[in-house]
Amino acid sequence: MSVLKIAIQKSGRLSDDSKKLLEECGIKFSNGAGVLIATSRNFPVELLFLRDDDIPQYVEQQVADIGILGENVVFEKNKDVTIIEQLGFASCRLSLAIPKKETYTGPGYLMNKKVATSYPKILTGFLEKNNITAEIEEISGSVEIAPGIGLADAICDIVSSGSTLLTNGLKEVEIILKSQAVIIGNKDLSIEKQKILNDLLFRIRAVKNAKENKYILLNAPESAIQKICSLLPGMKSPTIVPLVEKGWCSLHSVVKEDQFWEIINQLKEAGAEGILVIPIEKMIL
Ligand code: ATP
Ligand code: ZN
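Reading the values: the criteria
- Residues numbered from 1 in each chain as written.
- Chains lettered and ligands numbered in written order.
- Predicted model: local features only at pLDDT ≥ 70, side-chain atom pairs only at ≥ 80, totals over all residues.
- Heavy atoms only, no water.
- Near = heavy atom within 4 Å.
- Polar contact = N/O pair within 3.5 Å; in protein donor to acceptor, adjacent residues only side chain to side chain.
- Areas by Shrake-Rupley, 256 points an atom, 1.4 Å probe, with all protein chains shown as cover.
- 1 Å grid on protein atoms, 1.4 Å probe; cavity = no way out; pocket = protein on both sides within 12 Å on 5 of 7 lines; lining within 4 Å.
- Sits in = over half its atoms within 2 Å of the grid points.
- Nonpolar A, V, L, I, M, F, W, Y, C, P; charged D, E, K, R; others polar.
- Domains from an automatic or database assignment.
- Donors = N, O, S within 2.8 Å, 3.2 Å for Na, K, Ca; no water.
- Tetrahedral: all angles 85-135°; square planar, octahedral: opposite > 155°, others 65-115°.
- Buried < 20%, exposed > 50% of the residue type's maximum accessible area, 1.4 Å probe, protein only.
- Axes fitted to C-alpha atoms, helices over the stretch in contact; angles between N-to-C directions.
- Helix = DSSP H or I, 4+ residues; strand = E, 2+ residues; numbered from the N terminus.
- Parallel < 35°, antiparallel > 145°, perpendicular 65-115°, else oblique.
- Contact = heavy atoms within 4.5 Å.
- Expected span 1.5 Å × (residues − 1).
- Pairing = 2+ DSSP bridges.
- Right-handed = clockwise from strand over helix to strand, strands pointing away.

S.K.: Help me out: how do you make sense of the site of ligand 1 in this one?
M.R.: If you check the shell around ligand 1, you find 15 residues, and the closest are Gln9, Arg13, Asp52, Asp53 and Asn72. Contact distances for ligand 1 include 2.8 Å between an oxygen atom and a side-chain N or O atom of glutamine 9. In this structure, an oxygen atom belonging to ligand 1 sits 2.8 Å away from a side-chain N or O atom of arginine 51. Out of a free accessible area of 640 Å², ligand 1 has 75% covered by protein chains. Here ligand 1 occupies the largest pocket. A per-class count over the shell around ligand 1 returns five nonpolar, six polar and four charged. Counting only domains with at least three residues in the shell around ligand 1, you end up with domain 1 (4–89 + 180–189) and domain 2 (92–179).

What follows is the structure, given as structure tokens:
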């Protein structure tokens, strides 16, 4: 029987969320500490624990069938693989940063300067697009210290909050790439493996939809129901249950997490009371 081999980061910022995603999909792993490969007892997949930088190459070479990693690494490695799904975690950006006291004048600022980075390919693309000649100093870690020690005039590195830049006397001046975790896949999966992947994607989307939505319950006078239904269209349409108190009912629906705070005041104005918002575990559309 076919098994889909999934490469994930062995240890680092992606490993916990990658494992959690698969667990939320109901996939159980026999997980010994320090192992290289884990098998699942209830789903035809195998986990390979690797350095994130190696994942694109291994997926291209079919050592793994799919992999979970940041888009930043996918674009930097530029291997012959397909991006299958964006996963919404490990959001960060690849940015240019320069010493705080300098004035940034646009990409031209980098002309004939030295830029330290672990992303030489993406940076080269950016420089070429802007017709800039600059020297790239490739270093594999602690890029943010390069200007301070006189190794470079600027850096191109991963930023999330920007606090690492600040503590090193730098400021972010240009976003080159926005990144999040994605699933990449080999371009030549067998029909059996493709079928397992489709099952997995179905589960992943159910988990992702659930995270983006909340279950909402509220009480309202019958006269307010029409207005409230227009604010909370739900998956098909809201459920309405009569309350013991005459003229009142309870309305159940689904609301997008990011729209909830905007809608809440309108719901109250329309007459809603006793509003409960509950997390959803899985949501199949
Ligand atoms: P490895 O040992 O596997 O090579 P690494 O040191 O290259 O690990 P990590 O620091 O664990 O990588 O980061 C892995 C990925 O997480 C990055 O490629 C990026 O996509 C994302 N990432 C990095 N920094 C942040 C951050 N500060 N916030 C959110 N996501 C980040
Ligand atoms: Zn890495």
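Here the narrative resumes, following the displayed structure.
S.K.: Whenever I open this one, the coordination of the zinc ion (ligand 2) confuses me. Can you help?
M.R.: Six octahedral donors around a metal ideally subtend angles of 90 or 180 degrees, whereas four tetrahedral donors ideally subtend 109.5 degrees. Protein-derived ligands of the zinc ion (ligand 2) are Asp52 (OD) and Asp53 (OD), with the metal-ligand distances lying across 2.0 to 2.1 Å. Given four donor atoms and angles of 74 to 170° at the metal, the environment of the zinc ion (ligand 2) is assigned as irregular. Taking the relative accessible area as the measure of exposure, aspartate 52 reaches 16% and is therefore buried.

S.K.: What's the story with the packing of helix H1 (residues 15–24) against helix H6 (residues 191–212) in this structure? I'm lost.
M.R.: Two quantities define a packed helix pair, namely the angle between the axes and the distance from one axis to the other. Direction vectors running N to C along H1 and H6 enclose 100°, while the axes themselves pass 9 Å from each other. Overall, the two elements H1 and H6 adopt an arrangement that is roughly perpendicular. Of H6, the residues touching H1 (which contributes Leu21, Leu22 and Glu24) are Leu200, Ile204, Val207 and Lys211. The residue inventory of the contact of H1 with H6, partitioned by class, reads five nonpolar, no polar and two charged.

S.K.: Help me understand H6, please; the structure alone is not making it clear to me.
M.R.: Because each turn of an α-helix spans 3.6 residues, side chains separated by three or four positions in sequence point in the same direction. Compared with the 32 Å implied by 1.5 Å per residue over 22 residues, the 31 Å span of H6 between its first and last C-alpha is a close match. Within H6, burial applies to Lys193, Ile196, Leu197, Leu200, Leu201, Ile204, Ala206, Val207, Asn209 and Ala210.

S.K.: Mind showing me how you'd approach the sheet that holds strand E14 (residues 248–256) here?
M.R.: Adjacent strands of a sheet pair through backbone hydrogen bonds, lying either parallel or antiparallel. Strand order in the open sheet made by the four strands is E13-E14-E12-E15, with antiparallel pairing throughout. Bordering the open sheet on either side are strand E13 (239–242) and strand E15 (273–279), each of which pairs with just one other strand. Strand-to-strand twist in this sheet, taken as the mean axis angle between neighbours without regard to direction, amounts to 20°. Relative to E14, E13 is paired through four bridges, and the arrangement is antiparallel. When the bridges of E14 are listed, isoleucine 240 appears paired with leucine 251. H6 rests against strand E12 (213–221) and E14 of the sheet, and its axis sits at about 45° to E12. Here helix H8 (residues 260–270) sits on the sheet and contacts E12, E14 and E15; the angle it forms with E15, its principal contact strand, is near 160°.

S.K.: Please clarify how the pairing of strand E8 (residues 135–138) should be interpreted in this entry.
M.R.: By the bridge criterion, four bridges tie strand E7 (residues 114–117) to E8 in an arrangement that is parallel. Pairing of valine 115 across the sheet is with isoleucine 136, part of E8. With helix H4 (residues 120–129) bridging E7 and the parallel E8, this β-α-β connection has right-handed handedness.

S.K.: Hey, could you run me through the environment of valine 3 in this one?
M.R.: In this structure, valine 3 sits in the segment before strand E1 (4–9). Among the residues examined, valine 3 registers a relative accessible area of 30% and is labelled partly exposed. For the pair formed by valine 3 and phenylalanine 49, sequence separation is 46 residues and the distance between their alpha carbons is 16 Å. Setting aside residues no more than four positions away along its own chain, valine 3 makes contact with Pro44, Val45, Glu46, Asp65, Lys193 and Ile196.

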